[in-house]
Amino acid sequence: AGHPILPQLRCQLLQYNLPVHIGDNVWIGAGAIILPGVTVGDGSVIGAGSVVTKDVPGGVVAAGNPCRVLREIGERDRVYYYKNLRIDL
């Protein structure tokens, strides 16, 4: 939920609600805040503690305050799970 900025309208206890849309297979880190009306696309990762104020496309890693896209999820992610630590299957 949100509220108007104008104090006279807030005094009237006005507020609004906008849906949040979370795509399939999205990972949202601990403590992330997703504001009203935001969409997070399929397969994206939102970093812990992020404040998501705008839509995030699918297939990306996004983090920060305000949240921004850091990079696309790609082929390197099939080989490394963290920095230079390889996935040994």
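Overview of the structure. Everything numeric here is computed off the predicted structure, so don't read it as measured data.

Looking at the layout of surface pockets
Its boundaries defined by the atoms lining it, the largest pocket holds a volume of some 340 Å³. What lines the largest pocket is simply Trp27, Val45, Val61, Arg71, Ile73, Arg76, Asp77, Tyr80, Tyr81, Tyr82, Lys83 and Ile87. Breaking the lining of the largest pocket down by element, the ones donating at least two residues are helix 2 (76–79) and strand 9 (80–82). Considering each element in turn, the lining of the largest pocket owes the most residues, three residues, to strand 9. Grouping the constituent residues of the lining of the largest pocket by class yields eight nonpolar, no polar and four charged.

Remarks on unusual backbone geometry
In the segment running from asparagine 65 into proline 66, the intervening peptide bond is cis, with an omega of 0 degrees. Here proline 66 lies in the loop between strand 7 (60–64) and strand 8 (67–72). Positive phi is not limited to glycine here, since asparagine 25 has a value of about 55 degrees. Assignment of secondary structure puts asparagine 25 in the loop between strand 1 (21–22) and strand 2 (27–28). For asparagine 25, a relative accessible area of 72% translates into the label exposed. Positive phi values are uncommon outside glycine, yet lysine 83 reaches one of about 45 degrees. Within the secondary structure, lysine 83 sits in the loop between strand 9 and strand 10 (85–86). Residue lysine 83 is classed as exposed on the basis of its relative accessible area, which comes to 61%.

Conventions adopted
Residues numbered from 1 in each chain as written. Predicted model: local features only at pLDDT ≥ 70, side-chain atom pairs only at ≥ 80, totals over all residues. Heavy atoms only, no water. 1 Å grid on protein atoms, 1.4 Å probe; cavity = no way out; pocket = protein on both sides within 12 Å on 5 of 7 lines; lining within 4 Å. Points joined across faces, edges and corners; volume = space filled by probe spheres on them. Helix = DSSP H or I, 4+ residues; strand = E, 2+ residues; numbered from the N terminus. Nonpolar A, V, L, I, M, F, W, Y, C, P; charged D, E, K, R; others polar. Buried < 20%, exposed > 50% of the residue type's maximum accessible area, 1.4 Å probe, protein only.

In short, the description is geometric, and any link to function would need to be established separately.
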